[in-house]
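Architecture and fold: a report
Each chain is listed here by its residues.
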Amino acid sequence: MVELLAPAGQLDSGYAAFKYGADAVYLGLTRFSARAEAENFTQDDFEKFVRFAHSISKKVLVAVNTVFFEEEMPELIDTLQIIDSEKADGIIVQDIGTARLVKKYFPNLRLHGSTQMAVHNRQGVETLRDLGFKRVVLARELTLEEIKDICRVPDIEKEVFIHGALCYSYSGLCLFSSVYASRSANRGKCVYPCREAFHINGQTKHIFSMKDLAQNENVLSLEQAGVSALKIEGRKKSPLYVSAVTDYYRSLLNGEKNQKVLKQKQNDICCIFSRPTTDLYLTKKKNFDVVDPDVVGHRGLKIGKVEHFSSYGGKRYICFKTTADIERHDGIQIDLPKMSKPFGFSAQDIRIGGKQVFEVKAKSAVEIALPEKSPFIPVGAVVYLASSGAVKRTYPLEKPEKIITGNIKASILVSIQQDCVSAQEGKRRVCIRGSFSSAKSLDAMQKAVCEAFSKTGNTPVILENLKVENQNGLFVPLSVLNDLRRQLYRKICDEYYSDLISLKNVKKQEILNNEKPVFQTLPERGCSYHIKTDDAGLVKLFLQKKEPVDEFVFELNCRENIDQFLDMPKTKIRFSLPAVARKDEVGQLMQKAKMLYDAGFKKFEIANVWGLQFLKDKKVDMGFDWPIYVANSSAARAVLDTGASYFVVSPETPDPTDLFAAFPFQAQALIYRDLPLFVSETCPYAALNARCLHCSGMREEVITSKYGEFLSVMKNCRHFLLAKNPVDKKQEMLKRKARLLRIEFIHRKESIAKRLDIFHRLIY
């Protein structure tokens, strides 16, 4: 049976998820979670929750799905030790350095590939399986046919998102927030610039603001396709939201056929939090109705349109026929013309026929008082129910009455002597002196000891076995027994945690010692220049002019004629497999790459793990481009463990000096680049016009937002958003002792002459 996986951004959300039908939840601890600003779980809450989940045969997955920096490795190890000690059911990772540490030092943890890894074809899934991953969270952009194809890959579970917020860019391939707000999405700190307004073609629209995903009945097709887990997004959402969404999808998976029941559950979700929804590309790859360009944020349940206005006692009222029940204090929102957010207020004064009421039923003509200084509201404005007291009562949050928090199993011997009563667990022993007389009932005394020591309270002690020695039939007051128990349990816990912390510290230091980068002292020498481009003409010209370029990296695409490369020097040309290659592209790309390989070209580069599947059985010189993030030495070692000869250091690395020092002949530095801020399957032009504009898949123009000017590029019907100007970091990288310098001329339309001038400026 398919697993229903719900989000838990806080402890109460986890309890809600299980109550309303989740088989598993995913959560984050206070560090290294892609939802860094969710409430997240403290260590104590995490330990408590995992034990509760396992006591009711449920699963807990932990997201450690951000890129980490070298100085954070001690904290990362602390986090991994917490997860490992509680035997969580899976760890979701993005950083290949984190995956490497898990495999090497925490082999009992099940590795799950995060959607931040942008795995989108069966080759990528096969690669993760071969690397030891047990599950992969697929990119949201896939069609049902692509998912069916991927589900044929054996020995690895497939997880897909079915509900919640959507990113405009492929997850893991968005750099906008990092570049313009210094808050990286790959570090869990995205400021959601895709929700901002952009000026394009004379209009100001939210052209990158996606509708919310809602697969609804499509989940049954996904289950039939062989998907292992269906995932609800929402670690920053409330427990109420988690309750309602989980309940709705549990009903669908359980076979609920009553459409009235299902519709009411959908309406409940709308009242809690909702944007307009889409199934994205699941049922049709060319879906143009996926963006909500006019309004951002929570809308609510549409319940009518303003028909006219009335007034009582100086107050102004909107009047309309409601399609849903409304009660006092419910939240109301109204769409306003030319406003990107609805006007919202609380329904404090509700009337029917001029008479004040506490609630109204659906299909009633209702009047609701507007607050003072309300904006202009036209007749015909759409009215939404944005929060509902009735909905909140429908999904009460009930915390478990008893949570098993223990993990210290104890076998205890209680010995009663005339002048002393003692309790012993292993080598731990406590004793209370006293003068104890004969007991009236030995059975009652035995029962009193058992009751006293069974009260483990908030301690992690689990009483497995209790033996009482009372040969003289003596009586011990309950207060003494309770004091004895408290002293022993305190001693057990103190020594247990002291030993545990000591063991963890020893292991942590061992890991840090093993992972400490070894810096190489090398003689001063000149730098090597490498150029990556998608312009074959540039490669030809630079070769003709014998420019001082050590290597050209050419990004393959499905339309490229590879015959033009056959006469080029094979030692100077490397071919790059792109970060995104869907099912209908990957076959063509692999065929072209094979033809080049057979022609004698043995240098290749990958920008996504899918490329490893093509190269794994070939004797090639392989490199890793920056979209496979290398921002720490563990990630660098993971790359080199595959047999790669180099990697491009992640452009988000704050100080790559140590990487250049530890890997001087493998770490390439981007010194001139046009990094895509977004890489998306969604065409903003088609979304604005609700139809394809038939631009032959190629388009380039300047657009603006509050962040400045950008270059919008359509390339083979895939959208790339670039900064207005490329970034020049040569001097910074030289200062940090980089030796392998990389220049990128890619995506942007520029003359070869201009690029030649830029190159000369950079190297001289």
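Preceding this paragraph is the structure being described.
Below, the structure is looked at part by part. (Residues numbered from 1 in each chain as written. Predicted model: local features only at pLDDT ≥ 70, side-chain atom pairs only at ≥ 80, totals over all residues. Heavy atoms only, no water.)

**Here we look at the overall build of the protein**
When helices and strands are tallied, the protein shows 21 helices and 40 strands. The principal-axis extent of the C-alpha atoms belonging to the protein is close to 105 × 80 × 45 Å. Counting every position in the protein, which comprises 764 residues, the buried fraction comes to 58%. In the protein, the proportion of contacts linking residues at least 24 apart, taken out of those at least 6 apart, comes to 69%. Accessible surface for the protein amounts to roughly 32,500 Å². Of this, 49% is attributable to carbon and sulfur atoms. Considering the protein, the positive charge centre built from 112 side chains and the negative charge centre built from 92 side chains are found 1 Å apart. (Helix = DSSP H or I, 4+ residues; strand = E, 2+ residues; numbered from the N terminus. Buried < 20%, exposed > 50% of the residue type's maximum accessible area, 1.4 Å probe, protein only. Contact = heavy atoms within 4.5 Å. Areas by Shrake-Rupley, 256 points an atom, 1.4 Å probe, with all protein chains shown as cover. Lys, Arg positive; Asp, Glu negative; His and termini not counted. Charge placed at Lys NZ, Arg CZ, Asp CG, Glu CD.)

**Brief notes about the state of the cysteines**
Per the stated rule, a full pass over the model turns up one disulfide. Linked covalently through their sulfurs, Cys-420 and Cys-431 form a disulfide whose S-S length is 2.3 Å. Placement of Cys-420 in strand β25 (residues 420-425) and of Cys-431 in strand β26 (residues 428-433) is noted, with a sequence separation of eleven residues between them. Take Cys-420: its relative accessible area is 7%, and that puts it in the buried class. Taking the relative accessible area as the measure of exposure, Cys-431 reaches 29% and is therefore partly exposed. In this structure Cys-174 is a free cysteine whose sulfur lies 5.6 Å from that of Cys-190, the closest cysteine sulfur available. Residue Cys-717 stays outside any disulfide, its sulfur separated by 6.1 Å from that of Cys-695, the closest cysteine. (Disulfide = S-S within 2.5 Å.)

**Quick word on the packing of aromatic side chains**
Geometry of an aromatic ring pair is reported as the spacing of the ring centres plus the angle between the planes. For the coordinates displayed, the defined rule picks out 35 aromatic pairs. Relative to Phe-678, the ring of Phe-208 has its centre 5.2 Å away and its plane inclined at 75 degrees; by these criteria the two rings are edge-to-face. Note that Phe-208 is positioned in the loop between β9 (203-205) and β10 (212-214) and Phe-678 in strand β35 (residues 678-680), a separation of 470 residues in sequence. Each member of the pair Phe-208 and Phe-678 is classed as buried. Judged by centre distance (6.1 Å) and plane angle (85 degrees), the ring pair of Phe-542 and Phe-552 falls under edge-to-face. Of the two residues, Phe-542 sits in helix α14 (residues 536-544) while Phe-552 sits in strand β29 (residues 551-555), which places them ten residues apart along the sequence. The buried category is assigned to Phe-542, whose relative accessible area is 1%. Clustering of aromatic rings is evident, with ring pairs tying together Tyr-168, Phe-176, Tyr-180, Phe-198, Phe-208, Phe-678, Tyr-707 and Phe-710. Its end group placed over the ring of Phe-69, Arg-187 keeps NZ or CZ at 4.0 Å from the ring centre. (Phe/Tyr/Trp six-rings, centres within 6.5 Å; stacked < 30°, edge-to-face > 60°. Lys NZ or Arg CZ within 6 Å of the ring centre and 35° of its normal.)

**Some remarks on unusual backbone geometry**
Positive phi, close to 60 degrees, is recorded for Ser-57, a residue that is not glycine. Of note, Ser-57 is situated in the loop between α2 (43-55) and β3 (59-64). Using a relative accessible area of 68% as the deciding quantity, one classes Ser-57 as exposed.

**Focus: helix α9 (residues 239-253)**
In this model α9 runs 21 Å from its N-terminal to its C-terminal C-alpha over 15 residues, within 8% of the 21 Å that 1.5 Å per residue would give. With 15 of 15 residues buried, α9 lies mostly within the body of the structure. Once α9 ends, the next one or two residues include Gly-255, with phi positive near 90 degrees. (Expected span 1.5 Å × (residues − 1).)

**Focus on the packing of α9 against helix α10 (residues 259-272)**
One way to put it is that α9 packs onto α10 with a least axis distance of 9 Å and a crossing angle of 160 degrees. Judged by the angle between their axes, α9 and α10 are roughly antiparallel. In the packing of α9 onto α10, the handedness of the crossing is left-handed. Between α9, through Leu-240, Tyr-241, Ala-244, Val-245, Asp-247, Tyr-248, Ser-251 and Leu-252, and α10, the contact on the second element is made entirely by Leu-262, Lys-265, Gln-266, Ile-269 and Ile-272. Looking at the contact of α9 with α10 residue by residue, the class counts come to nine nonpolar, two polar and two charged. (Axes fitted to C-alpha atoms, helices over the stretch in contact; angles between N-to-C directions. Parallel < 35°, antiparallel > 145°, perpendicular 65-115°, else oblique. Left-handed = near helix turned anticlockwise from the far one by under 90°. Nonpolar A, V, L, I, M, F, W, Y, C, P; charged D, E, K, R; others polar.)

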